[in-house]
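Each chain, written out:
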Amino acid sequence: IGNIEVLKQICREAGLDAVALEKALQRGTYRQAREETNKEAARLGIIAAPTFLFNEKDRIVGARSLDVFRERLKACNGQGSPPGGNRGIPIRRDRA
């Protein structure tokens, strides 16, 4: 979301301090943390949100039903990739 007014409205609706948000954005308070998070996402091949990782070996991309998560967790429980694989998303398999 690139519009500060939209961000402030969302902030207010969530019961948060919109003025503090605007000041933090102007000061770049969280810029370094955001940049580090973006680098880590790129390293992991994350290109969409939401993305849910399972042991950095498998993922669910997008909003999915609870049943999809249950199936994935069962399949990943020491059995490697779940049925259907990783949906064509490149995944690093060199990490334990």
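The preceding data block contains the structure.
Everything quoted here is computed from the prediction, not taken from an experiment.

Asker: How would you sum up helix α4 (residues 66-76)? Please name residues and give values.
Answerer: Among the residues making up α4, those that are buried are Phe69, Arg72, Ala75 and Cys76. Projected down its long axis, α4 carries its buried residues within an arc of 135°, all on one side. Exposed residues pointing more than 90 degrees away from the buried face of α4 are listed as Leu66, Glu71 and Lys74. In this structure, the buried residues of α4 make contact with β1 (51-54) and β2 (58-61).

Asker: Explain the packing of helix α1 (residues 4-13) against helix α2 (residues 18-27) to me, using residue names and the numbers behind them.
Answerer: The interhelical angle for the contact between α1 and α2, taken along N-to-C directions, is 140°, at an axis separation of 8 Å. Classed by the angle they form, the pair α1 and α2 counts as oblique. For α1 against α2, the interelement crossing comes out right-handed. Of the residues in α2, those in contact with Ile4, Leu7, Lys8, Cys11 and Arg12 of α1 are Ala18, Leu21, Glu22 and Leu25. Class assignment for the residues of the contact of α1 with α2 results in six nonpolar, no polar and three charged.

Asker: Just give me the short version of the side chain of Lys8, but keep the residues and values in it.
Answerer: Here Lys8 lies in helix α1. A distance of 3.1 Å separates the side chain of Lys8 from the side chain of Glu22, its partner in a polar contact. Here Lys8 is in contact with Ala18, Leu21 and Glu22, once residues within four sequence places are set aside.

Asker: Describe in detail the pattern of salt bridges, supporting the description with residues and values.
Answerer: Overall, the coordinates contain five salt bridges when judged by the stated rule. Its salt-bridge partner being Lys8, residue Glu5 comes within 3.5 Å of it at the nearest N-O pair. Of this pair, Glu5 and Lys8 both sit in helix α1, three residues apart, which is roughly one turn of that helix. The exposure class of Lys8 is buried, given its relative accessible area of 12%. Here Lys8 ties to Glu22 by a salt bridge, and the two come within 3.1 Å at their closest N and O atoms. With Lys8 in helix α1 and Glu22 in helix α2, this pair connects stretches of sequence that are 14 residues apart. One salt-bridge network, in which partners are shared between bridges, spans Glu5, Lys8 and Glu22.

What counts, and where the lines are drawn
Residues numbered from 1 in each chain as written. Predicted model: local features only at pLDDT ≥ 70, side-chain atom pairs only at ≥ 80, totals over all residues. Heavy atoms only, no water. Buried < 20%, exposed > 50% of the residue type's maximum accessible area, 1.4 Å probe, protein only. Helix = DSSP H or I, 4+ residues; strand = E, 2+ residues; numbered from the N terminus. Arc of directions from axis to C-beta. Contact = heavy atoms within 4.5 Å. Axes fitted to C-alpha atoms, helices over the stretch in contact; angles between N-to-C directions. Parallel < 35°, antiparallel > 145°, perpendicular 65-115°, else oblique. Left-handed = near helix turned anticlockwise from the far one by under 90°. Nonpolar A, V, L, I, M, F, W, Y, C, P; charged D, E, K, R; others polar. Polar contact = N/O pair within 3.5 Å; in protein donor to acceptor, adjacent residues only side chain to side chain. Salt bridge = Lys/Arg side-chain N within 4 Å of Asp/Glu carboxyl O.

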